[in-house]
Amino acid sequence: MTHSTKCLLSIASLAYTFTRTIKRRGAALLKSLPLFRPKNLSAWLVLGCSVIAIVGCSDTPASLPSTSPITAEATSAAASPATKPAVTAVETEQPYKFPLTGLPTDKEVKSRPFMVMVENAPQARPQTGLDQADIVYEILAEGEITRFVSVFQSQAAKTIGPVRSIRPYFVEIGDALDAVIVHAGWSQEAMDMMAGRKLAHLDEVYGDGAYYWRATDRKAPHNLYTSMDKMKQGAEARKFRSEWNGPLLTFAKDAQSKLTGAAVNYIQIPYIQGYFVSYEYNAAEGVYKRSMEGKPHLDKETGKQLQTRNLLVLESKHKIVDKEGRRTVDVFGPGKGLILQEGKSQQITWERKNGMLRAYTEGGKEVPLLPGNTWIQIVPEGTALKTE
């Protein structure tokens, strides 16, 4: 016999006993009350039996509450007029992108970037602030060294350096980006170029020392630093134009690489002795981690290894032009190159168009960058790269 059948039989028996008792012992009393006149008695009997049926025939075992404690508490809270309904936070997509990284931001970015010349001599390592740059170019300078052209816009780096001098091809990069150029000294050709074009620049050696400082843990000239705040103060004091007229970069809309070449988990770039650069792909983070001379290249302040989402290796014409070993370096192209993203590679041609060194397929279609930072290694033509 089912639970429901037993229940109905019990209710019928209970109702019969209830009715007999009322008629035998309580009829006189009930008749004295207006509510319980004979004409109303049947209605009350039906109501009582209905209540008994509803409660008694529940399939919920008597030992378990039909409402869980959490549900009961929530129901009680909802019934209380003093309790406000819970507000669920809804994540909204940020409406703007940083122009040089393609990463989201809640405000439109119109401010000019700063291009800082950062030294890479052994005495200057480890550097500070390169991990917060949007774009970093590494290019040979005189004296068989490389130097970094580091571009800052999206992050407010508190320390950047060591800062060193500038050369004409570095000026060309900063001018094309419409950046405020930040340096300490120059070659005469570079200074003539900046003066002739009336470029916005801050030079620690001649007049802008207030926007730099010298660290005490290193010897000059490898101890000169600046910051985003200092550079902004200098630009404001010199009344440089603040609104940016720079180039727009092309980023992948779905933030996924479309490269079609071979997988590359490791690449070595042999500039010269003492400047062997390598990158190793970290699949968990989707970035290439940078090393110098086989050791992780770290940021001095954070201790973090430098890394990049987009890695471009561009072959360029190089020529030594004086006895000091100064060079000319082609930063216009076209030339051959290689781009690496998310463990994949693709052979490209590169050319400076609309203010930026851009990568193109054989068919002339621009290869989009992935949202994030970009490192561009400019190397002499014919440099033998090692990839794995």
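Look a little higher up for the structure.
Cut-offs applied
Residues numbered from 1 in each chain as written. Predicted model: local features only at pLDDT ≥ 70, side-chain atom pairs only at ≥ 80, totals over all residues. Heavy atoms only, no water. Helix = DSSP H or I, 4+ residues; strand = E, 2+ residues; numbered from the N terminus. Buried < 20%, exposed > 50% of the residue type's maximum accessible area, 1.4 Å probe, protein only. Contact = heavy atoms within 4.5 Å. Areas by Shrake-Rupley, 256 points an atom, 1.4 Å probe, with all protein chains shown as cover. Polar contact = N/O pair within 3.5 Å; in protein donor to acceptor, adjacent residues only side chain to side chain. Pairing = 2+ DSSP bridges. Axes fitted to C-alpha atoms, helices over the stretch in contact; angles between N-to-C directions. Salt bridge = Lys/Arg side-chain N within 4 Å of Asp/Glu carboxyl O. Parallel < 35°, antiparallel > 145°, perpendicular 65-115°, else oblique. Core = buried A, V, L, I, M, F, W, Y, C linked by side-chain atoms within 4.5 Å. Arc of directions from axis to C-beta.

Description of the overall build of the protein
Phase 1 of the analysis: Across its full length, the protein carries seven helices and 22 strands.
Phase 2 of the analysis: When the 388 residues of the protein are sorted by exposure, 45% land in the buried category.
Phase 3 of the analysis: Looking at the protein alone, contacts between residues at least 24 apart form 61% of all its contacts between residues at least 6 apart.
Phase 4 of the analysis: Counting only carbon and sulfur atoms, one obtains 55% of the accessible surface of the protein, whose full area is about 21200 Å².

Remarks on the side chain of Gln-153
Phase 1 of the analysis: Checked against the element boundaries, Gln-153 lands in the loop between β5 (145-152) and α5 (168-176).
Phase 2 of the analysis: On the basis of relative accessibility, which here comes to 8%, the residue Gln-153 falls in the buried class.
Phase 3 of the analysis: At a separation of 2.8 Å, a polar atom in the side chain of Gln-153 contacts the main-chain carbonyl oxygen of Ser-111.

With respect to the pairing of strand β19 (residues 344-353)
Phase 1 of the analysis: Pairing of strand β18 (residues 335-341) with β19 involves seven bridges; the strand directions are antiparallel. When the sheet's bridge partners are listed, Ile-339 is paired in β19 with Gln-346.
Phase 2 of the analysis: Taking the residues that link successive antiparallel strands as the turn, the β18-β19 hairpin has two residues, and the phi of Glu-342 there is positive, at about 50°.
Phase 3 of the analysis: Between β19 and strand β20 (residues 356-360), which pair antiparallel and follow one another directly, the connecting turn spans two residues, one of which, Asn-354, has a positive phi of 50°.

Focus on α5
Phase 1 of the analysis: Counting buried positions along α5 yields eight of nine residues, so the element is predominantly enclosed.
Phase 2 of the analysis: Residues of α5 that are buried include every one of Pro-168, Tyr-169, Phe-170, Val-171, Glu-172, Ile-173, Gly-174 and Ala-176, and no others.
Phase 3 of the analysis: Taken from the residues just after α5, Asp-178 is the one with a positive phi, measuring 55°.

Some thoughts on the sheet that holds β20
Phase 1 of the analysis: An order of β7-β6-β3-β5-β4-β21-β15-β18-β19-β20 is seen for the ten strands of this open sheet, with the pairing classed as mixed. In this open sheet, the two edge strands, each paired with only one partner strand, are β7 (201-203) and β20. Pairs of neighbouring strands in the sheet enclose a mean axial angle of 25°, with direction left out of account.
Phase 2 of the analysis: Here α5 sits on the sheet in contact with β3 (114-119), β4 (135-141), β5, β6 (180-183) and β19, set at roughly 160° to β4.
Phase 3 of the analysis: Against the sheet, helix α7 (residues 228-237) makes contact with β3, β5, β6 and β7, and its axis sits at roughly 125° relative to β3, the strand it touches most.

Here we look at the pattern of salt bridges
Phase 1 of the analysis: Enumeration over the complete set of coordinates arrives at 18 salt bridges.
Phase 2 of the analysis: With a closest N to O distance of 3.0 Å, Arg-238 and Asp-208 form a salt bridge. One end of the pair, Arg-238, is in the loop between α7 and β10 (266-270); the other, Asp-208, is in the loop between β7 and β8 (213-214), and 30 residues separate them in sequence.
Phase 3 of the analysis: Residue Arg-238 is classed as partly exposed on the basis of its relative accessible area of 39%.
Phase 4 of the analysis: By relative accessible area, Asp-208 is classed as buried at 4%.
Phase 5 of the analysis: The partner of Lys-258 in a salt bridge is Asp-254, and the shortest N-O contact between them spans 2.7 Å.

Section: the packing of α5 against helix α6 (residues 188-197)
The angle between the axes and the distance between the axes are what describe a pair of packed helices.
Phase 1 of the analysis: Contact pair α5 / α6: the axes reach a minimum separation of 8 Å and the direction vectors enclose 30°. Considering the angle they form, α5 stands roughly parallel to α6. Contact with α5, carried on its side by Pro-168, Val-171, Glu-172 and Asp-175, involves Glu-189, Ala-190, Met-193, Met-194 and Arg-197 of α6 and no other residues of that element.

With respect to the nonpolar core
In a soluble, globular protein the nonpolar side chains are often hidden away together inside.
Phase 1 of the analysis: Met-115, Tyr-137, Ile-139, Ile-166 and Ile-267 are the most contacted members of the largest nonpolar core, which totals 84 residues.
Phase 2 of the analysis: Broken down by element, this core gets its largest block of residues, six residues, from β4.
Phase 3 of the analysis: Setting aside anything within four residues of it in sequence, one finds Ile-267 in contact with Val-277, Ser-278, Tyr-279, Leu-311, Val-313, Leu-338, Leu-340, Leu-385, Lys-386 and Thr-387.

Considerations on α6
Phase 1 of the analysis: What α6 keeps buried is the set Ala-190, Met-191, Met-193 and Met-194. Looking straight down α6, one finds its buried side chains confined to an arc of 160°; they lie on one side. Turned more than 90 degrees away from the buried face of α6 sit Ala-195 and Gly-196, all of them exposed.
Phase 2 of the analysis: Of the surrounding elements, those touching the buried residues of α6 are α5, β6 and β7.
Phase 3 of the analysis: Where α6 terminates, the next one or two residues include Lys-198, which has phi positive at roughly 55°.

Things to note about the pairing of β20
Phase 1 of the analysis: Burial runs high along β20: five of the five residues are buried.
Phase 2 of the analysis: Residues of β20 alternate between two faces, with Met-356, Arg-358 and Tyr-360 on one and Leu-357 and Ala-359 on the opposite face, all of them buried.
Phase 3 of the analysis: In this sheet, β20 lies alongside β19 in antiparallel orientation, the contact comprising five bridges. Residue pairing across strands places Trp-350 opposite Ala-359, the latter belonging to β20.

Notes on unusual backbone geometry
Phase 1 of the analysis: At the junction of Gly-161 and Pro-162, the peptide bond is cis and its omega measures out at 5° in the coordinates.
Phase 2 of the analysis: With respect to the helices and strands, the residue Pro-162 is situated in the loop between β5 and α5.
Phase 3 of the analysis: Non-glycine residue Lys-239 carries a positive phi angle of around 60°.
Phase 4 of the analysis: With respect to the element layout, Lys-239 can be found in the loop between α7 and β10.
Phase 5 of the analysis: Looking at Lys-239, the relative accessible area reads 72%, which means it is exposed.
Phase 6 of the analysis: Residue Ala-255 is not a glycine yet carries a positive backbone phi of 60°.
Phase 7 of the analysis: Mapping Ala-255 onto the fold places it in the loop between α7 and β10.
Phase 8 of the analysis: Ala-255 gets classed as partly exposed once you look at its relative accessible area, which sits at 31%.

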